[in-house]
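# Breakdown of the fold
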Amino acid sequence: MQLTDDPSWLERAENLLLFGASGVGKSHLAAAVSRRMLEFGKRVKFFSALALVQQLQQAKLHLQLQLLLKKLDRFDLLVLDDLGYVKKSDAETSVLFELIAHRYERRSLLITANQPFSQWDVIFTDSMMTVAAVDRLVHHALIVEIQTESYRKQSAVVRASTPTPTTKAVSSTARS
């Protein structure tokens, strides 16, 4: 709640890292924080991590990566949702690392991920790159680990246990 009441963390180029299993509300929280920062007049861009990595790859292919990174600098906060779904290829992880390194101590990132840092070797192809990326992200960051059961699972359990109303046939009588 403190982050949503005071946008100064963006001015300090601090990061927000949200970890937890699927369905615990990470994306929902990221959207809520983003919206609140917009209300403060901050510039925010929300990406699926995979979509952003694909854009970065295309820019790199066309020798435009630095230009795209500079365009992204106009946003006070970049949200990378579902980082764990980025495929582990040299091309994808190198542009992801370049984004993290480029924004380090300059602009804020909000990242949601299913895996804790100890499992980020599944995201980055190289353990040294993993350590360097994590080091930059956590240096100025609030890390939130959400430990609860999936809201979607909880909702499904409630739906399954709630009896559905039976439908009664209603006959209508025509009036003369």
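This write-up is about the structure you can find in this document. Computed from a predicted model, the values in this text were never measured in an experiment.

Packing of helix α6 (residues 90-103) against helix α7 (residues 127-139) brings their axes to within 10 Å, and their N-to-C directions diverge by 30 degrees. Taken together, the axis directions place α6 and α7 in an arrangement best described as roughly parallel. Here the hand of the crossing between α6 and α7 comes out left-handed. Between α6 and α7, the residues in contact are T93, S94, F97, I100 and A101 and M129, A132, A133, R136 and L137, respectively. Looking at the contact of α6 with α7 residue by residue, the classes come out as seven nonpolar, two polar and one charged.

Another point: helix α4 (residues 49-61). Because an α-helix packs 3.6 residues into every turn, residues spaced three or four apart end up facing the same way. When the terminal C-alpha atoms of α4 are compared, their 18 Å separation across 13 residues agrees well with the 18 Å that a helix rising 1.5 Å per residue should span. Among all positions of α4, only A49, L52, V53, L56 and A59 are buried. End-on, the buried residues of α4 take up no more than an arc of 120 degrees, which puts them together on one face.

Here we come to helix α5 (residues 65-72). Where α5 is concerned, the buried positions are L65, L68, L69 and L72. When α5 is viewed along its axis, its buried side chains cluster within an angular range of 100 degrees and face the same direction. Considering only its buried residues, α5 is in contact with β2 (44-48), α4, β3 (77-81) and α6.

Of all six residues in strand β1 (residues 15-20), six are buried, a share of seventy percent or more. For β1 and strand β5 (residues 141-146), the ladder comprises six bridges, and the chain directions are parallel. Residue pairing for β5: F19 is matched across the bridge by E145. Bridging between β1 and strand β4 (residues 108-113) involves four bridges; their strand directions are parallel. Within β4, the residue paired with F19 across the bridge is A113.

The rules we used
Residues numbered from 1 in each chain as written. Predicted model: local features only at pLDDT ≥ 70, side-chain atom pairs only at ≥ 80, totals over all residues. Heavy atoms only, no water. Axes fitted to C-alpha atoms, helices over the stretch in contact; angles between N-to-C directions. Helix = DSSP H or I, 4+ residues; strand = E, 2+ residues; numbered from the N terminus. Parallel < 35°, antiparallel > 145°, perpendicular 65-115°, else oblique. Left-handed = near helix turned anticlockwise from the far one by under 90°. Contact = heavy atoms within 4.5 Å. Nonpolar A, V, L, I, M, F, W, Y, C, P; charged D, E, K, R; others polar. Expected span 1.5 Å × (residues − 1). Buried < 20%, exposed > 50% of the residue type's maximum accessible area, 1.4 Å probe, protein only. Arc of directions from axis to C-beta. Pairing = 2+ DSSP bridges.

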